[in-house]
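Structure at a glance
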Amino acid sequence: MKAEHKEASLEAQAKETKQHEEIEKELEFSSLYRWQHWIRALSIVILIATGFYIAMPVIAPSVSSQPDNFMYALFRSWHQIFGFVLTAAIIFKTYLFLMAREHEMERSSLRDLFDIKVWLQQVGYYLFMTKHPKLRGVYNPVQFAAYIFFYILMFVLILTGLVLYVHVYHEGLGGVLFDLMRWFEVLMGGLANVREIHHIAMWGVIIFVLAHVYMAVFNAVFGEEGAMDAIFSGFKWHKKH
Ligand code: HEM
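Residues numbered from 1 in each chain as written. Predicted model: local features only at pLDDT ≥ 70, side-chain atom pairs only at ≥ 80, totals over all residues.

**With respect to the overall build of the chain**
On a plain count of helices and strands, the chain comes out with nine helices and two strands. Going from the N terminus to the C terminus, the chain shows its helices and strands as α-β-α-α-α-α-α-α-α-α-β. Here the C-alpha radius of gyration of the chain, 24 Å, is well above what a compact globule of 241 residues would show, namely 18 Å. Counting only C-alpha atoms and orienting by the principal axes, one finds that the chain spans roughly 80 × 45 × 35 Å. Classification of the 241 residues of the chain by burial places 16% in the buried group. Residue pairs at least 24 apart in sequence account for 67% of intrachain contacts in the chain once pairs closer than 6 positions are excluded. (Helix = DSSP H or I, 4+ residues; strand = E, 2+ residues; numbered from the N terminus. Rg over C-alpha atoms; globule rule 2.2 N^0.38 Å. Buried ≥ 20, exposed ≤ 12 C-beta atoms within 10 Å, placed from the backbone. Contact = placed C-beta atoms within 7 Å.)

Quick look at the structure:
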């Protein structure tokens, strides 16, 4: 019985060593990339929560004789703070995508975006009908198209957010940006529309986040390269060539 157990454990050990020989880890996302991803994720969660409050202030401050219970202003200022954090992170990430040499793998995904065969194979993979396509870059075309949609939403939110901001704070940065943001306000058909578009874009972000988390879990369960790990550790696993 003991000998049998030892044999099984040796077999398992050998299997593990063989697996280690066959797969290797490769850096997928730099630490800078991972930091900005989680900073954006946190900002988006806070912006959605505070945004809902700004749209519909469901909690009223406790009644006080002192005029110092500015709960709406408090929610709005946290919204502003994380609005600017998100703006900075999006500008930074856009710069990395367009310019950084280390982000060549991201730009390479553009080639798969215009390849109908990769599209069909990727959709087939999600429907459990085909194998995962071989990709030229880090993102598959469905994922890349979703990210383009996300960035469009982000820039709409930033521009409309800045228009709303200059109408709330008239000094400092608000004052500097006031004239600069007027063209966009006019283009959107006035401040009321700007606020509405800002609100609708939030729903776009909510849909994106739900789909993004679902796809991440799908990859963690069915993917073989540990793609979900990469956004925490930076590394992906693949077979040695
Ligand atoms: C994921 C990103 C964001 C989400 C989900 C979001 C969501 C919202 C929502 C739902 C509202 C209320 C609109 C309404 O009244 O119906 C709002 C208002 C506002 N947002 Fe955002 N927002 C985001 C990003 C930003 C950014 C980047 C800025 C500025 C740079 C910003 C600045 C503002 C301002 C100034 C208001 C109006 C506050 C007021 O009326 O007092 N937002 N946001």
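**Digging into helix α3 (residues 71-99)**
Compared with an ideal rise of 1.5 Å per residue, which puts 29 residues at 42 Å, α3 spans 42 Å between its outermost C-alpha atoms and is within 8% of the ideal. Packing partners of the buried residues in α3 comprise α2 (31-55) and α6 (141-168). (Expected span 1.5 Å × (residues − 1).)

**Observations regarding the nonpolar core**
Of all hydrophobic cores here, the largest spans nine residues; its members are Ile44, Leu47, Phe82, Leu86, Ala89, Met154, Leu157, Ala201 and Val205. Examining the composition of this core, we find that three residues originate from one element, α3, more than from any other. Listed in part, the six residues of the second largest apolar core include Leu159, Leu162, Leu164 and Val166. (Core = buried A, V, L, I, M, F, W, Y, C linked by C-beta atoms within 7 Å.)

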